[in-house]
Amino acid sequence: PSMKGLTVVQKRLVGFGSVELALEGPDGCFEEVWAQREIRKIEKFLESQEDVGSVMTITDLLQWIHVKLNGEESDLLEEQYAEGIIAEGLFLLKNSGGKSAITTLLTEDSSVARISARLKAAGTGEQIKVLDELDGFLKSGVDPRLKVTITGDSARISDQILTVLRSLTDSFVLTLGIIFF
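Residues numbered from 1 in each chain as written. Predicted model: local features only at pLDDT ≥ 70, side-chain atom pairs only at ≥ 80, totals over all residues. Heavy atoms only, no water.

(A) The arrangement of helix α3 (residues 58-70) in detail. With 13 residues, α3 extends 18 Å from end C-alpha to end C-alpha; this agrees with the ideal 18 Å at 1.5 Å per step. Residues of α3 that are buried include every one of I58, T59, D60, L61, L62, Q63, I65, H66 and V67, and no others. Here α3 starts with a cap whose side-chain oxygen sits 3.2 Å from the backbone nitrogen of T59, and that cap is T57. Within two residues after α3, G71 carries a phi angle of roughly 70 degrees, on the positive side. (Helix = DSSP H or I, 4+ residues; strand = E, 2+ residues; numbered from the N terminus. Expected span 1.5 Å × (residues − 1). Buried < 20%, exposed > 50% of the residue type's maximum accessible area, 1.4 Å probe, protein only. Polar contact = N/O pair within 3.5 Å; in protein donor to acceptor, adjacent residues only side chain to side chain.)

(B) Region of the structure containing the side chain of T57. Mapped onto the elements, T57 comes out in the loop between β2 (52-56) and α3. There is a polar contact of 3.0 Å between the side chain of T57 and the backbone nitrogen of D60. Contacts of T57, omitting those with residues within four sequence positions, involve I39, E43, L105, R114 and I115. (Contact = heavy atoms within 4.5 Å.)

(C) Representation of helix α4 (residues 82-94) in the model. Taking 1.5 Å of rise per residue, 13 residues should cover 18 Å, and α4 covers 18 Å from first to last C-alpha, within 8% of that figure. Among the residues of α4, those classed as buried are A82, I85, I86, G89, L90, L93 and K94. What you see down the axis of α4 is that its buried residues fit within an arc of 160 degrees, all on one side. (Arc of directions from axis to C-beta.)

(D) Highlighting the sheet that holds strand β4 (residues 147-151). Reading across from one edge, β2-β3-β1-β4 is the order of the four strands in this open sheet, with antiparallel pairing throughout. Edge positions in the sheet fall to β2 and β4, since each has one partner strand and no second. Neighbour to neighbour, the strand axes of the sheet diverge by 20 degrees on average, direction disregarded. Strand direction decides the pairing type here: β2 and strand β3 (residues 112-119), joined by three bridges, are antiparallel. (Pairing = 2+ DSSP bridges. Axes fitted to C-alpha atoms, helices over the stretch in contact; angles between N-to-C directions.)

(E) The pattern of salt bridges, seen in detail. Within the structure shown, the criterion is met by eight salt bridges. A salt bridge links E133 to K129; its shortest N-O distance comes to 3.8 Å. Taken as a pair, E133 and K129 lie in helix α6 (residues 124-141) at a separation of four residues, close to a single helical turn. What makes E133 partly exposed here is its relative accessible area of 32%. Its salt-bridge partner being D143, residue R145 comes within 2.8 Å of it at the nearest N-O pair. On the accessibility criterion, D143 (16% relative accessible area) is buried. (Salt bridge = Lys/Arg side-chain N within 4 Å of Asp/Glu carboxyl O.)

(F) Structural detail: the packing of aromatic side chains. For the coordinates displayed, the defined rule picks out one aromatic pair. The interplanar angle of 5 degrees and the centroid separation of 4.3 Å between the aromatic rings of F45 and F137 together place this pair among those described as stacked. On the criterion of sequence distance, the pair formed by F45 in helix α2 (residues 33-47) and F137 in helix α6 is long-range, its members being 92 residues apart. The two residues F45 and F137 agree in class, both being buried. The ring of W34 carries R145 above its face, with NZ or CZ at 3.7 Å from the centroid. (Phe/Tyr/Trp six-rings, centres within 6.5 Å; stacked < 30°, edge-to-face > 60°. Lys NZ or Arg CZ within 6 Å of the ring centre and 35° of its normal.)

(G) Inspection of unusual backbone geometry at higher detail. Residue S110 is not a glycine yet carries a positive backbone phi of 55 degrees. For S110, the position within the fold is in the loop between α5 (100-105) and β3.

(H) Examining a nonpolar patch on the surface more closely. Together, L176, I179, F180 and F181 line one region of the surface with nonpolar side chains, adding up to about 530 Å² of accessible area. Judged by its relative accessible area of 57%, I179 falls in the exposed class. (Patch = residues over 30% accessible without salt bridge, like charges linked within 9 Å, V, L, I, M, F, W, Y side chains within 5 Å. Areas by Shrake-Rupley, 256 points an atom, 1.4 Å probe, with all protein chains shown as cover.)

(I) Representation of a negative patch on the surface in the model. A surface patch of like charges, here negative, comprises D27, E31, E32, E83, E108 and D109. Its location among the elements puts E32 in the loop between β1 (17-24) and α2. (Lys, Arg positive; Asp, Glu negative; His and termini not counted. Charge placed at Lys NZ, Arg CZ, Asp CG, Glu CD.)

(J) Fine view of the packing of α3 against α4. One can describe the packing of α3 onto α4 by two numbers: an axis separation of 10 Å at closest approach and a directional angle of 95 degrees. Here α3 lies roughly perpendicular to α4, going by the angle between them. Packed against α3, whose contacting residues are I58, L61, L62, I65, H66 and L69, the element α4 presents I85, I86, E88, G89, L90, L92 and L93 at the interface. Here the residues of the contact of α3 with α4 are counted per class, giving ten nonpolar, two polar and one charged. (Parallel < 35°, antiparallel > 145°, perpendicular 65-115°, else oblique. Nonpolar A, V, L, I, M, F, W, Y, C, P; charged D, E, K, R; others polar.)

This is the structure in structure tokens:
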């Protein structure tokens, strides 16, 4: 089962670049339904973007476990005893032999969750567009109890490019100032 789970993670995250999100909240908040719903909301936003391939979250993993244990497709977060199901899934993940999947998506104290997204966009311009749209969504569409930080390869590349562009713009303005004034 752990090898099958690892294969699921690998298939979902292979791509050109990645966007990683770190969601920080109160201790244990990702054991609660409201925080899992926030993860799902961000996941759905990312999946709706044309240049985003696949997205992997702790909510995905918990949903996968829920379906495997119950043998039917039902939404974990809509279940009557969702918090108990979340606790059960986290217990299984934290106590399985291979903890790599859980530790990459959720800290031990359940206060920081990570979302990993594979980008299909090969061009830096498309990646910057995705990051800008994501940043706009995060500012208006996420519960304020969560602090979200965008990381990953694409975010670093975007920051570097924007720094170079600002530097070039500043140099250009300085040059114009010297020439005309």
